[in-house]
Amino acid sequence: MSTQSAPIGKMEFLSFQLGGMEYGVDFRKVKELRTFKSLERFASEGAIVKGVAVSRGVIMPLVDMRVAFNERVAERVAERAASPDPMTDVIILQLSTCVMGMVVDGVTDVVRMSPDQISPIPGLTRDSGCDYLMGLGETDGRRLILVDIDKLMSIRRESVAGAQKAA
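Residues numbered from 1 in each chain as written. Predicted model: local features only at pLDDT ≥ 70, side-chain atom pairs only at ≥ 80, totals over all residues. Heavy atoms only, no water.

Within an unreviewed UniProt entry, the label attached to the chain reads Chemotaxis protein CheW, and the organism entered is Massilia frigida. The record in UniProt for the chain states the following under Subcellular location (unreviewed entry): "Cytoplasm". (UniProt positions renumbered as here; feature names shortened; annotations may be inferred.)

Encoded structure:
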């Protein structure tokens, strides 16, 4: 009796581009992919939270990861948000606490990796405050920064700002 299931231990990650780097999130967290233009958006916009959107009857916050990961691009992103690039993608995620949309430069594909393809990120320690970074995944000559999206989205902005001032 043979099975056609995935090998035990393989994980699937949705890979996406952000500021010229490639990241990956657990594919099981992804509800759907949409373009920024296709979402009905309302409410006020901020630098990182791009307001609120509706998708399939679900109201959710939109977080612009392009700004969150690089605050220096805030002005450029604000200009693009007025007339979004057709390549700007929104990954709609089902987190443990809510549904949210994550604005990224573009979605690449779904990547399957085994635990032996994932290594710790060089120079990252437990005390660095980056426990949302799962590791560095390598497959077929590609490197993906793997992110625990639940942990990342649970970080309070005030605690991050306080940690940066203390450094």
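Here the narrative resumes, following the displayed structure.
K.L.:
Please set out the pairing of strand 8 (residues 99–104) residue by residue, giving values where relevant.
P.N.:
Most of strand 8 sits inside the fold, with six of its six residues counted as buried. Taking every second residue as pointing to the same face, both faces of strand 8 are buried, with V99, G101 and V103 on one and M100, M102 and V104 on the other. Taken together, the three bridges between strand 6 (residues 58–64) and strand 8 define a ladder with parallel strand orientation. Within strand 8, the position partnered with L62 by the bridge is G101. Relative to strand 8, strand 7 (residues 89–94) is paired through six bridges, and the arrangement is antiparallel. Bridge pairing links D89 to V104 in strand 8. Counting the residues that bridge the hairpin from strand 7 to strand 8 gives four residues. (Buried < 20%, exposed > 50% of the residue type's maximum accessible area, 1.4 Å probe, protein only. Helix = DSSP H or I, 4+ residues; strand = E, 2+ residues; numbered from the N terminus. Pairing = 2+ DSSP bridges.)

K.L.:
Pulling in residues and values, what's your account of the environment of V104?
P.N.:
Mapped onto the fold, V104 is located in strand 8. Each C-alpha atom, one on V104 and one on F16, is 7.0 Å from the other, the two residues being 88 residues apart in sequence. The residues contacting V104, other than those within four sequence positions of it, are F16, Q17, L18, R66, T88, D89 and I91. (Contact = heavy atoms within 4.5 Å.)

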